[in-house]
Amino acid sequence: MRASFRASLVFSLGLIVLSSSSFSYGAEDEGITKELHPWGRFYNHRGAWKRYRVITETLDAAGQVASTIITEAKTSLEEADEEGVTLRIESIVEIAGKRLSGEPKQVRQGLRGDGTIGKPLIRNVGASHVVIEGQKIPCRVEEAETGGPHGKTVTRTYYSRFLPPYVLQRESKTTGPDGKVVEEHTFRVLSLDRPCDVVPQIRRAAWVEAVSITPSGSTITRAYISMKVPGGVVCHDTDERDAEGRLVRHSRLVLLDFGLEPEQEEVADFGRVRGRGRRAHRAGSP
């Protein structure tokens, strides 16, 4: 799955009226930079982190919940550069009442929400627009192509440097050596400004949808994102379906806490964190 920033204008999102001539970009637009990435924009806050809970339900053939897994995780920013970000993920999984700590892992993510396998060929497509809640929003378009022995992936990103969440739409398609499409991913902003009561300090957020289609099935995620939060996501609901369209898994993520400086004390049990580098933004109960 695939989502940061330098805001030079301030908008009242509930009142904006934009036309295709509302903004002018320089002749040489910078393209997708770390400032537009939900983790990369915190490049001056190395160690910025978020803590969240994910409840995953797996369904049986009759559509009944067969098992439930609760994961509490923490993701921290280790590095952000012009190619992508490096994240550290720690997690505790609860299965049948038992809590199991996983080994911390490091994940590298490209600025376009993908893994950084191979250097992409970047093309500046030019000016365009997206439609959000019936309104045309002017933006720029960048196309990135990566290739490998198993085919190539072309990602087209529609973005604005002036309007959060900055990446407004993304379309990605992977084709195999035979030219057949093997994966499709889309991301789009459904609303720029929605009420959000998950975290007390974040009253409103953008509402987005991400869809992935592969030969094994499809995944649809709808999420609230705020660029005040490292990583952007405040909460999301995900439905996974198999190739026949049957719902096989549902998960819900809820933000618990976040901060812009490293925590002073690491503890194994995320539910009993004692020290902080700066007062974090404690979320309400999920």
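All values derive from a computational prediction rather than experimental measurement.

Peer 1: So what exactly am I meant to see when it comes to the overall build of the protein chain here?
Peer 2: Of regular secondary structure, the protein chain possesses 0 helices and 14 strands. For the protein chain, the sequential pattern of α-helices and β-strands runs β-β-β-β-β-β-β-β-β-β-β-β-β-β. The buried share among the 286 residues of the protein chain stands at 45%. Of the roughly 14900 Å² of accessible surface on the protein chain, 50% is carried by carbon and sulfur atoms.

Peer 1: So what exactly am I meant to see when it comes to the environment of Val 107 here?
Peer 2: Mapped onto the elements, Val 107 comes out in strand β5 (residues 105-110). C-alpha of Val 107 to C-alpha of Thr 86: the two residues are 21 residues apart in sequence and 5.7 Å apart in space. Setting aside chain neighbours within four positions, we find Val 107 in contact with Val 85, Thr 86, Leu 87 and Ile 89.

Peer 1: Please explain unusual backbone geometry as it appears in this structure.
Peer 2: Peptide bonds are, in most cases, trans, and in most cases residues other than glycine have a negative phi. Going from Pro 164 to Pro 165, the amide bond is cis rather than trans, its omega being 5 degrees. Summarising the element assignment, Pro 165 is placed in the loop between β8 (151-159) and β9 (167-175). For Tyr 166, which is not glycine, the phi torsion reads 75 degrees and is therefore positive. Mapped onto the elements of the fold, Tyr 166 is located in the loop between β8 and β9.

Peer 1: Help me understand the pattern of salt bridges, please; the structure alone is not making it clear to me.
Peer 2: A pair can form between side chains of opposite charge whenever their charged atoms are brought close. Considering all chains together, one arrives at 15 salt bridges under this definition. Close ionic contact of Arg 53 with Glu 72 constitutes a salt bridge, the shortest N to O distance being 3.0 Å. Linking Arg 53 in strand β1 (residues 49-59) with Glu 72 in strand β2 (residues 65-80), this pair joins segments that are 19 residues apart in sequence. When its relative accessible area of 11% is taken as the criterion, Glu 72 is described as buried. Note that Arg 252 and Asp 237 form a salt bridge whose closest N and O atoms lie 2.6 Å from each other.

Peer 1: What is the right way to read the packing of aromatic side chains from this model?
Peer 2: Counted by the stated rule, this structure contains 0 aromatic pairs. Positioned above the aromatic ring of Tyr 43, the side-chain terminus of Lys 34 is 4.7 Å from the ring centre. Here the basic side chain of Arg 41 rests over the ring of Phe 42, its NZ or CZ set 4.3 Å away from the ring centre.

Peer 1: Would you explain the nonpolar core in this entry?
Peer 2: If you look at soluble globular proteins, the nonpolar side chains tend to sit buried side by side. Val 130, Ile 137, Leu 168, Val 189 and Leu 192 are the most contacted members of the largest nonpolar core, which totals 17 residues. Secondary structure elements with two or more residues in this core: β6 (121-132), β7 (135-148), β9, β10 (181-199), β11 (202-214) and β12 (217-225). By size, the runner-up hydrophobic cluster in this structure holds 11 residues, among which are Val 199, Ile 202, Val 229 and Cys 235.

Peer 1: I'm lost on the state of the cysteines in this one. Help?
Peer 2: A covalent bond between the sulfur atoms of two cysteines is what we call a disulfide. This model, assessed by the stated rule, comprises 0 disulfides. Here Cys 235 is not cross-linked by a disulfide; its sulfur's nearest cysteine counterpart is in Cys 196, at 5.3 Å.

Peer 1: Could you clarify how one ought to interpret the pairing of β10 in this entry?
Peer 2: On a regular strand, each side chain points to the face opposite its neighbour's, so the side chains alternate between the two faces of the sheet. Alignment of β9 against β10, held across 7 bridges, turns out to be antiparallel. Across the sheet, the residue bridging to Gln 169 is Arg 188, located in β10. Hairpin connection from β9 to β10: 5 residues lie between these consecutive antiparallel strands, with Gly 179 at a positive phi of about 85 degrees. Bridge analysis of β10 against β11 gives 10 bridges, and the strand direction is antiparallel.

The rules behind these values
Residues numbered from 1 in each chain as written. Predicted model: local features only at pLDDT ≥ 70, side-chain atom pairs only at ≥ 80, totals over all residues. Heavy atoms only, no water. Helix = DSSP H or I, 4+ residues; strand = E, 2+ residues; numbered from the N terminus. Buried < 20%, exposed > 50% of the residue type's maximum accessible area, 1.4 Å probe, protein only. Areas by Shrake-Rupley, 256 points an atom, 1.4 Å probe, with all protein chains shown as cover. Contact = heavy atoms within 4.5 Å. Salt bridge = Lys/Arg side-chain N within 4 Å of Asp/Glu carboxyl O. Phe/Tyr/Trp six-rings, centres within 6.5 Å; stacked < 30°, edge-to-face > 60°. Lys NZ or Arg CZ within 6 Å of the ring centre and 35° of its normal. Core = buried A, V, L, I, M, F, W, Y, C linked by side-chain atoms within 4.5 Å. Disulfide = S-S within 2.5 Å. Pairing = 2+ DSSP bridges.

Shape is all these values report; function is a separate question.
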